[in-house]
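Chain by chain, the residues:
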Amino acid sequence: QVQLVESGGGLVQAGGSLTLSCAASGRNFISIYMGWFRQAPGKEREFVASIGRSSNNIYYADFVKGRFTISRDNAKNTVYLQMNSLQPEDPAVYYCAATRIGSSLMSREYDSWGQGTPVTVSS
């Protein structure tokens, strides 16, 4: 498995931006696909975005298209989630996850998870 540590969460005003980072260790980063998920209180964990090993095969949930951008830097073993135009419905704990299966939208296909970083949006 790979160890994942997220950072960059915090409080932002509606319409503002945050960039989340996820640093990976313990496995050859270039060999793994990465995803971001989020879970709001009382709700199930949901897919946000995923990215292939060479920054290909990028997928987004419909509710973040045009606002969020996933990227990765294989030299730094890090995946990012740039979040713009944050809305009151975006607050959640954001998790990064890793898999060797593919750039998947399904949380059950990821076998390594970070501890999460909270995002709060004030109106």
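Residues numbered from 1 in each chain as written. Predicted model: local features only at pLDDT ≥ 70, side-chain atom pairs only at ≥ 80, totals over all residues. Heavy atoms only, no water.

Asker: How do you make sense of the side chain of Ser103 when you look at a structure like this?
Answerer: Topologically, Ser103 is positioned in the loop between strand S9 (92-99) and strand S10 (112-113). Residue classification places Ser103 among the buried positions, given a relative accessible area of 13%. Within the structure, the side chain of Ser103 is placed 2.9 Å from the side chain of Ser50, a separation counted as a polar contact. At a separation of 2.6 Å, a polar atom in the side chain of Ser103 contacts the main-chain carbonyl oxygen of Asn57. Every residue in contact with Ser103, bar those within four places of it in the chain, is listed here: Tyr33, Ser50, Ile51, Gly52, Asn57, Tyr59 and Tyr110. (Helix = DSSP H or I, 4+ residues; strand = E, 2+ residues; numbered from the N terminus. Buried < 20%, exposed > 50% of the residue type's maximum accessible area, 1.4 Å probe, protein only. Polar contact = N/O pair within 3.5 Å; in protein donor to acceptor, adjacent residues only side chain to side chain. Contact = heavy atoms within 4.5 Å.)

Asker: Got a minute to help me understand the state of the cysteines in this structure?
Answerer: Every disulfide links exactly two cysteines, by a covalent bond between their sulfur atoms. Enumeration according to the criterion identifies 1 disulfide in this entry. Bridging Cys22 to Cys96, the disulfide has an S-S length of 1.9 Å. On the sign convention where negative is left-handed, the bridge of Cys22 and Cys96, at about 50° about the S-S bond, is right-handed. Of this pair, Cys22 sits in strand S3 (residues 18-25) while Cys96 sits in strand S9; the two residues are 74 residues apart in sequence, bridging distant segments of the chain. Take Cys22: its relative accessible area is 0%, and that puts it in the buried class. (Disulfide = S-S within 2.5 Å.)

Asker: Is there a simple way to think about the pattern of salt bridges in this case?
Answerer: This model, assessed by the stated rule, comprises 4 salt bridges. A salt bridge links Glu46 to Arg38; the shortest N-O distance between them is 2.7 Å. Look at Arg38 and you get buried, because its relative accessible area is 5%. Here Asp90 and Arg38 are joined by a salt bridge, their closest N and O atoms 2.9 Å apart. (Salt bridge = Lys/Arg side-chain N within 4 Å of Asp/Glu carboxyl O.)

Asker: I'm lost on the nonpolar core in this one. Help?
Answerer: The nonpolar side chains of a soluble globular protein tend to be buried with one another. Among the nonpolar cores identified, the biggest contains 33 residues, and Met34, Trp36, Leu81, Met83 and Tyr94 are the most heavily contacted of them. When contributions to this core are tallied by element, the ones reaching two or more residues are S3, strand S4 (33-39), strand S5 (46-51), strand S7 (68-73), strand S8 (78-83), S9 and strand S11 (117-122). Sort the elements by how many residues they give to this core and S9 lands first, with 5 residues. Here Leu81 is in contact with Leu18, Thr19, Leu20, Trp36, Val48, Ala49, Phe68, Thr69, Ile70 and Tyr94, once residues within four sequence places are set aside. (Core = buried A, V, L, I, M, F, W, Y, C linked by side-chain atoms within 4.5 Å.)

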